[in-house]
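Observations on the three-dimensional arrangement
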Amino acid sequence: MAAKLTALKSKQRERTPKARRADLARIAEGVRLILEGIGEDPNREGLRDTPQRVAEMYEELTAGMREDPSEHIVPLSGNKHDEMVIVKDISIASLCEHHLAPFVGKCHIAYIPKNGNILGVSKLARLAETFARRLQLQERLTSEIANTLYEKLGALGVMVVIEAEHTCMTLRGVKKPGAQTVTSAVLGGFRKDPRTRAEAMSLIVNSKS
Ligand SMILES: [Zn+2]
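Below or above, wherever it landed, is the structure these notes cover. (Residues numbered from 1 in each chain as written. Predicted model: local features only at pLDDT ≥ 70, side-chain atom pairs only at ≥ 80, totals over all residues. Heavy atoms only, no water.)

This part takes up the side chain of T170. Tracing the chain through its elements places T170 in helix α6 (residues 167-170). Of note is the side chain of T170, whose polar atom sits 3.5 Å from the side chain of E165. Once residues lying within four places of it in the same chain are set aside, the contact partners of T170 are E165, K175, K176, P177, G178 and A179. (Helix = DSSP H or I, 4+ residues; strand = E, 2+ residues; numbered from the N terminus. Polar contact = N/O pair within 3.5 Å; in protein donor to acceptor, adjacent residues only side chain to side chain. Contact = heavy atoms within 4.5 Å.)

Here it is as structure tokens:
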């Protein structure tokens, strides 16, 4: 048990913010090697600034690694709302950790507030973004968003559904353009009560045009 706890703690430490910047020079060095590896000349005019540009792009796409997601858990004050809240169609863009290829899609979040603690829509979107801007697996992204709302906001129930297209699947390998991967994480009240879960699911699915 103690060993398990230590393992958990060190895992958490790995994922907490360290430096606020990525090492751009080091990434650029790697990009130069990729260019050479595919038989390009990194010094030709069109490619001269590419390593630096790609480095800056990766820094932006992994910015969530250097942020603390709990910063976004700031409940709106003076609220006593205790009914289910659903925020749909939050755009997310993340990087698959197996291929460093983007996956993009929509995140839907439903939760049942406790003591009227609700989050503004922009905070929910920022929370999703902080977890998306890391090297991810869609399954882990889904449960990290759900767990944070459940534990840090103290929601009574949380359901997160993510639908995304993985470019590592649609551009290469099996090549199934448009294929969507759907993942969900269900906690607390949504898990215990199938009717509440069904209600949230139908609100997420039905109002799609
Ligand atoms: Zn992949």
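This next bit is on the sheet that holds strand β2 (residues 101-112). One open sheet holds the 5 strands; their spatial order is β3-β1-β2-β4-β5, and the pairing between them is mixed. In the strand order of this sheet, the two ends are held by β3 (135-136) and β5 (181-188), each with one partner. Pairing of β2 with strand β4 (residues 157-166), which is carried by 10 bridges, proceeds in the antiparallel orientation. Bridged to A110 within β4 is M159. Across the sheet, helix α4 (residues 121-132) lies against β1 (85-96), β2 and β3, angled at about 25 degrees from β1, the strand it touches most. Sheet strands in contact with helix α5 (residues 138-153) are β1, β2, β3, β4 and β5, and its direction is about 155 degrees off that of β4. (Pairing = 2+ DSSP bridges. Axes fitted to C-alpha atoms, helices over the stretch in contact; angles between N-to-C directions.)

Keep in mind that these numbers describe shape and distance, not what the molecule does.
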